[in-house]
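# Fold and contact review
Here is how the chains run, residue by residue.
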Amino acid sequence: PTRRKHGRVAARGQSVNEYIHEGPRVIAARPLTAEAFAPYGQVLQGTGPATERKEFASRMQNGRPQAKPNMTYMKILPANGRVLVRAVERHPFSNQTFVPLAGTRHLVAVCPSAPDGSPVVERLEVFVASGSQAVNYDANVWHAPRTALSAPGEFVMFRWDDGGAQDTELMALATPVAVELAEL
């Protein structure tokens, strides 16, 4: 039998592994919980209909004295069709908080760092946050850029910035990771 390699027919007798093209890896998303997200940061959400106030509910790290608080409003179009994680980013000196507005469901994709600081994409974890769950990524945590899963796609973001290149490190993935949302 012949095998295809990037649209061409491969010669017989060559290694099968040279001709496998799997496409994007697929990861099933799961509902966001504080326990599952704990290695990466904090989930902020109420616990019921009673009045609540949680002081110091998340870490607010600023690793650069010259950095200023940056509270940003953003509106993004919700993902349409298949969701792909194409890049990850981190903020080495600051946590980053996203608070959804008006019930915006959103994707939360995170992975640990290797000893050299690079992302370990093979250990990517993907969650779906409800429109009532905010996330606070700890400093230096690799995560996918914001992806809204429902309209209106509005968020408030907080981070400590100084306007320099180290505010955000962005890394494109060589192969995107597909996300299976199933019934979430």
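Note that the structure is a prediction, hence the values are computed from the model and not measured.

Overall, the coordinates contain seven salt bridges when judged by the stated rule. The partner of R30 in a salt bridge is E125, and the shortest N-O contact between them spans 2.3 Å. With R30 in strand β4 (residues 30-31) and E125 in strand β10 (residues 125-129), this pair connects stretches of sequence that are 95 residues apart. For E125, a relative accessible area of 21% corresponds to the partly exposed category. With a shortest N-O distance of 2.5 Å, E55 and R53 are connected by a salt bridge. For R53, a relative accessible area of 71% corresponds to the exposed category. Counted as one network, the salt bridges with shared partners bring together R64, D162 and D167.

This brings us to the environment of Q166. With respect to the element layout, Q166 can be found in the loop between β14 (154-161) and β15 (169-180). For Q166, a relative accessible area of 45% puts it in the partly exposed group. Between the C-alpha atoms of Q166 and S94, which are 72 residues apart in sequence, the distance is 9.9 Å. Among residues more than four places away in sequence, those in contact with Q166 are R64, P92 and F93.

For the rest of this paragraph, the subject is the confidence of the model for the protein chain. In this model, the protein chain carries an average pLDDT of 86, and 86% of its residues clear a pLDDT of 70 or more. Looking across the protein chain, the model is least confident in strand β2 (residues 8-9), with a mean pLDDT of 31, and most confident in strand β12 (residues 142-143), with 98. Predicted confidence for residues 1-22 stays below pLDDT 50, and this span has 15 contacts to residues more than four positions away or in other chains.

Rules of the game
Residues numbered from 1 in each chain as written. Predicted model: local features only at pLDDT ≥ 70, side-chain atom pairs only at ≥ 80, totals over all residues. Heavy atoms only, no water. Salt bridge = Lys/Arg side-chain N within 4 Å of Asp/Glu carboxyl O. Helix = DSSP H or I, 4+ residues; strand = E, 2+ residues; numbered from the N terminus. Buried < 20%, exposed > 50% of the residue type's maximum accessible area, 1.4 Å probe, protein only. Contact = heavy atoms within 4.5 Å. pLDDT = per-residue confidence, 0-100.

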